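So the chains spell out like this:
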Amino acid sequence: MYFKGHSHGQVVVIINEGPSNFCLWEPAKTRSLGLPGWNPNFSFRTCTLSSSPYGIDGFSAMVITGIDSPAFAFSGCGKSITERAFWSFQDCCVEEPYNQGENMQFTNAIGFKGKFYALTLQGSVVVIEGDVDSCFRIAAVGSRRSVPIGVSRQFREYLVELDGEILLVFLVSRKCIDVVDDVEVFRLDIDRVLWAKIESIGDRALFLEDECCMWVDAKKLGCKKNCIYFTHHRVNEWLTFDLGSGEISPAFGQDYVTWDIGRLNN
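Thresholds applied
Residues numbered from 1 in each chain as written. Predicted model: local features only at pLDDT ≥ 70, side-chain atom pairs only at ≥ 80, totals over all residues. Heavy atoms only, no water. Helix = DSSP H or I, 4+ residues; strand = E, 2+ residues; numbered from the N terminus. Contact = heavy atoms within 4.5 Å. Areas by Shrake-Rupley, 256 points an atom, 1.4 Å probe, with all protein chains shown as cover. Patch = residues over 30% accessible without salt bridge, like charges linked within 9 Å, V, L, I, M, F, W, Y side chains within 5 Å. Salt bridge = Lys/Arg side-chain N within 4 Å of Asp/Glu carboxyl O. Lys, Arg positive; Asp, Glu negative; His and termini not counted. Charge placed at Lys NZ, Arg CZ, Asp CG, Glu CD. Buried < 20%, exposed > 50% of the residue type's maximum accessible area, 1.4 Å probe, protein only. Core = buried A, V, L, I, M, F, W, Y, C linked by side-chain atoms within 4.5 Å. Phe/Tyr/Trp six-rings, centres within 6.5 Å; stacked < 30°, edge-to-face > 60°. Pairing = 2+ DSSP bridges. Axes fitted to C-alpha atoms, helices over the stretch in contact; angles between N-to-C directions. Disulfide = S-S within 2.5 Å.

S.K.: Help me understand the overall build of the protein chain in this model?
M.R.: In terms of regular secondary structure, the protein chain is built from 1 helix and 21 strands. Partitioning the contacts of the protein chain with sequence separation of at least 6, the portion at a separation of at least 24 is 39%. Surface accessibility of the protein chain: about 13000 Å² in total, with carbon and sulfur atoms responsible for 47%.

Put into structure tokens, the structure is as follows:
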């Protein structure tokens, strides 16, 4: 099993190698919901849901391919959670404001209250709207670029839902590309489609991994509150960033333990 995203309490799981067969898995209630089979000829970057698959109004699943064409794949499911649909592929014909003459190409996305919020390769944030029976469209584009504050040699970006809010987290390498030496967290102003930097996430903790990100109640899991847990991209190690002190340290002591983010759901 391979994890390819976390959305509305569901872990997107690929069964066996390749994304041709995958499902939504809710470990807390030991139930799963199959998604339509994926064509392995198309790229598959990440998958997210517009809302809970167990709501009364149905939901839409969106796959970001990470390529120009097709840019997205959508699957709409009706009120019956047992209903299997199909993938509808769409291109993006909206020009990238930070790369004139080129259409937007997407790297990350998150579903929230029936809509999708996506980041482009050049740092634009867009709002994607539609419903389970129609094509989806870009309804709004943020006026500011989604990049870290200050100079950086390299950074990685993560979108995560935190208790009713959308956060954007940057793991920043300012001095050396092999070392993450700073972390920045922003909250999305939904109405204005703008990011605002925040300095605290309260009693929660965020776990970030390239394939799967989620928030947890720190007290329930027994981890540190107001912290960002993340993996080092060069070695198999979990680190933690304390938003209060601004310090980065090994997440589980000097003799760190290799964690699989899937364990956080047990």
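S.K.: Whenever I open this one, a negative patch on the surface confuses me. Can you help?
M.R.: A grouping of Asp-68, Asp-91, Glu-95 and Glu-102 is seen on the molecular surface, where their side chains present a negatively charged patch. Checked against the element boundaries, Glu-102 lands in the loop between β8 (88-90) and β9 (106-112). A residue is classified by how much of its surface remains accessible, and Glu-102, at 44% relative accessible area, is partly exposed.

S.K.: Could you clarify how one ought to interpret the nonpolar core in this entry?
M.R.: Generally speaking, soluble globular proteins have nonpolar side chains that are buried together. Core analysis: the largest hydrophobic core is formed by 19 residues, its most contacted members being Val-169, Leu-206, Leu-208, Ile-228 and Phe-230. Looking at this core, the elements that each hand over two or more residues are β13 (154-161), β14 (166-173), β15 (182-189), β17 (204-209), β19 (227-231) and β20 (238-242). In terms of residue count, the dominant contributor to this core is β14 (3 residues). If sequence neighbours within four positions are ignored, Val-169 has contacts with Arg-156, Glu-157, Tyr-158, Val-160, Val-183, Glu-184, Val-185, Leu-206, Leu-208 and Ile-228.

S.K.: When you look at the packing of aromatic side chains in this model, what are you seeing that I'm missing?
M.R.: Aromatic ring pairs are described here by two measures, namely the spacing of the ring centres and the angle between the planes. Applying the stated criterion across every chain, the model contains 15 aromatic pairs. Members of the aromatic cluster, joined through ring pairs, are Trp-38, Phe-42, Phe-44, Trp-87 and Phe-89.

S.K.: Looking at this structure, I do not really get the sheet that holds β13. What am I missing?
M.R.: As a general point, the strands of a sheet are linked pairwise by backbone hydrogen bonds and lie either parallel or antiparallel. On the basis of which strands lie adjacent, the open sheet formed by 4 strands has the order β13-β14-β15-β16 and antiparallel pairing. Edge positions in the sheet fall to β13 and β16 (194-198), since each has one partner strand and no second. Between one strand and the next, the sheet's axes are offset by a mean angle of 30°, whatever the strand orientation.

S.K.: Any chance you could explain the pattern of salt bridges here in plain terms?
M.R.: Working definition: two side chains of opposite charge can pair if their charged atoms are close together. Applying the stated criterion across every chain, the model contains 10 salt bridges. Taking the shortest distance from any N to any O, the salt bridge between Asp-182 and Arg-174 comes out at 3.0 Å. Given the relative accessible area of 24%, Arg-174 is considered partly exposed. Among the salt bridges present, the one from Asp-203 reaches Lys-225, with a minimum N-O distance of 3.7 Å. On the criterion of sequence distance, the pair formed by Asp-203 in the loop between β16 and β17 and Lys-225 in the loop between α1 (218-221) and β19 is long-range, its members being 22 residues apart. The exposure class of Asp-203 is partly exposed, given its relative accessible area of 37%. Each of the salt bridges in this network shares a partner with another, and the network as a whole consists of Lys-115, Glu-129 and Arg-137.

S.K.: How should the sheet that holds strand β21 (residues 248-250) be read in this particular structure?
M.R.: Spatial ordering of the open sheet is given by β18-β17-β19-β20-β21, a layout of 5 strands whose pairing is mixed. Of all strands in the sheet, those with a lone pairing partner are β18 (212-217) and β21, marking the two edges. Averaged over all adjacent pairs, the angle separating strand axes in this sheet is 25°, with direction ignored.

S.K.: I keep staring at the side chain of Ser-50 and nothing clicks. Help me out?
M.R.: Within the secondary structure, Ser-50 is located in the loop between β5 (46-49) and β6 (59-64). If near-sequence neighbours (up to four positions away) are discounted, Ser-50 is found in contact with His-8, Phe-59, Ser-60, Gly-111, Phe-112, Lys-113, Gly-114, Lys-115 and Phe-116.

S.K.: Would you mind showing me how to read the state of the cysteines here?
M.R.: Covalent bonding between the sulfur atoms of two cysteines is what defines a disulfide. Overall, the coordinates contain 0 disulfides when judged by the stated rule. Cys-227 provides the cysteine sulfur closest to Cys-223, a residue in no disulfide bond, and the two sulfurs are 7.9 Å apart.

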